[in-house]
Every structure is written in structure tokens, then in C-alpha cells.
Amino acid sequence: MSFENPTRDEIKKILENAGNIAVVGLSDKTDRTSFMVAQAMQSRGYRIIPVNPAAEGKQILGENCYASLKDIPEPVDIVNVFRRSEYCADVAREAAEIKANVLWLQLGIVNDEAAAIAEESGMRVIMDRCIKVEEAVTQPDRSGKR
């Protein structure tokens, strides 16, 4: 059986119910895609939690950066991943450990093992989709709501 992303309506519900989004691989460099996407999501009212061991202890987008998902001291709704696909299974295991609700692999990232790990742990999985694009399409009236 091949993987299928949730429908647009399901993605809309996922985003409506999301608050904390841990962004794995969030760069502190403002010209990087991860930074631009996270900044856009933050401006739309989502709480962004940076995860990047190289930037641990720094502030990115005004939020404390953590070395790993396990270091985050609060619940995480979505784990949004900006890492190469070969690292995604490990990220999925950590996301399962912290009981995240959704594993979201950004545009261009697909990993069937990560998807299986996440699904076995009860997470919803989205792969090869940009969270910023999906949010803009499904949540056109969200700004100012949070």
C-alpha cells in the first residue's frame, strides 16, 4: 500500500487545531527556506519552537532553540521537518517519544520508514508538502485569530 497525504480538508483541520509547531532544522539564517517558512507561520499566529543542535541556546524568531525534540518542555502539535530524508526516521522516533500529533516533512522530503514509525505511534503524516503553502490555501482568514 502506498502512502497518501491527508486530504486538503484534513490538512485544514490539522492546521486549525495546531498551536505549537516544532521546526526541526530551523536555521537562524534569515535567507534560508526554513527561516522564511517558520517566520510566515509565526506571523499567522502559530507558536514556532526551533530545534537545531547547532543553534541550541540561541533565540530564533524570538523563541529558545532546542537541540532535540526531547528537550522541549511543553507539548508539540506538529513536528515540521527541514532535514534530508535520511534523517527523518530518527526525527519520527523522537516525535513519537514526545507524543506529537503530526509529523510533517517539508516539500521535497519523503521517507517511508519515518511515515511508518509516525503512523504506528498514532501520528498523522504529511510528506513532500510545504506547511506555509498548505496553511495559506486552507486558512485564508487565520491571521489575527491567535
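Scoring rules and cut-offs
- Residues numbered from 1 in each chain as written.
- Predicted model: local features only at pLDDT ≥ 70, side-chain atom pairs only at ≥ 80, totals over all residues.
- Heavy atoms only, no water.
- Buried < 20%, exposed > 50% of the residue type's maximum accessible area, 1.4 Å probe, protein only.
- Helix = DSSP H or I, 4+ residues; strand = E, 2+ residues; numbered from the N terminus.
- Arc of directions from axis to C-beta.
- Contact = heavy atoms within 4.5 Å.
- Polar contact = N/O pair within 3.5 Å; in protein donor to acceptor, adjacent residues only side chain to side chain.
- Axes fitted to C-alpha atoms, helices over the stretch in contact; angles between N-to-C directions.
- Parallel < 35°, antiparallel > 145°, perpendicular 65-115°, else oblique.
- Left-handed = near helix turned anticlockwise from the far one by under 90°.
- Nonpolar A, V, L, I, M, F, W, Y, C, P; charged D, E, K, R; others polar.
- Salt bridge = Lys/Arg side-chain N within 4 Å of Asp/Glu carboxyl O.

Within an unreviewed UniProt entry, the label attached to the protein chain reads CoA-binding protein, and the organism entered is Paenibacillus chibensis.

(A) Broad picture of helix α4 (residues 112-120). Those residues of α4 that fall on the buried side of the exposure criterion are A114, A115, I117 and A118. All buried residues of α4 fall inside an arc of 165° around its axis, so they share one side. When the buried face of α4 is taken as reference, the exposed residues oriented beyond 90 degrees from it are D112 and E120. Packed against the buried residues of α4 are α3 (88-97), β6 (102-105) and β7 (124-126). The N-cap of α4, judged by a side-chain oxygen 2.9 Å from the amide nitrogen of E113 a few residues on, is N111.

(B) Structural context of the packing of helix α2 (residues 33-43) against helix α5 (residues 131-138). At a minimum axis distance of 9 Å, the contact between α2 and α5 shows a crossing angle of 30°. Comparing the axis directions of α2 and α5 gives the class roughly parallel. In this structure, the crossing between α2 and α5 has a hand that is left-handed. Note on element contacts: α5 touches α2 through I131, K132 and E135, opposite V37, A40 and M41. Residue classes in the contact of α2 with α5 are distributed as four nonpolar, no polar and two charged.

(C) Region of the structure containing the packing of helix α1 (residues 8-16) against α5. Close contact between α1 and α5 brings their axes to 10 Å; oriented N to C, the two are set at 100°. Taken together, α1 and α5 sit at an angle that is classed as roughly perpendicular. Each of R8, I11, K12 and L15 in α1 lies in contact with α5, whose residues at this interface are I131, E134, E135, V137 and T138. Its residues assigned to classes, the contact of α1 with α5 shows four nonpolar, one polar and four charged.

(D) Expanded view of the pattern of salt bridges. On inspection of all chains with the given rule, the structure shows eleven salt bridges. In this structure, R84 engages E86 in a salt bridge whose closest nitrogen and oxygen atoms are separated by 2.8 Å. Its relative accessible area of 52% is what places R84 among the exposed residues. D90 is the salt-bridge partner of R93, the closest N and O atoms lying 2.7 Å from each other.

(E) Inspection of the environment of I131 at higher detail. Relative to the helices and strands, I131 is located in helix α5. Taking the C-alpha atoms as reference, I131 lies 19 Å from K29; in sequence the two are 102 residues apart. Look past the residues within four positions of I131 in its chain and what remains in contact with it is L15, I21, V37, M41, I78, N80, W104 and Q106.

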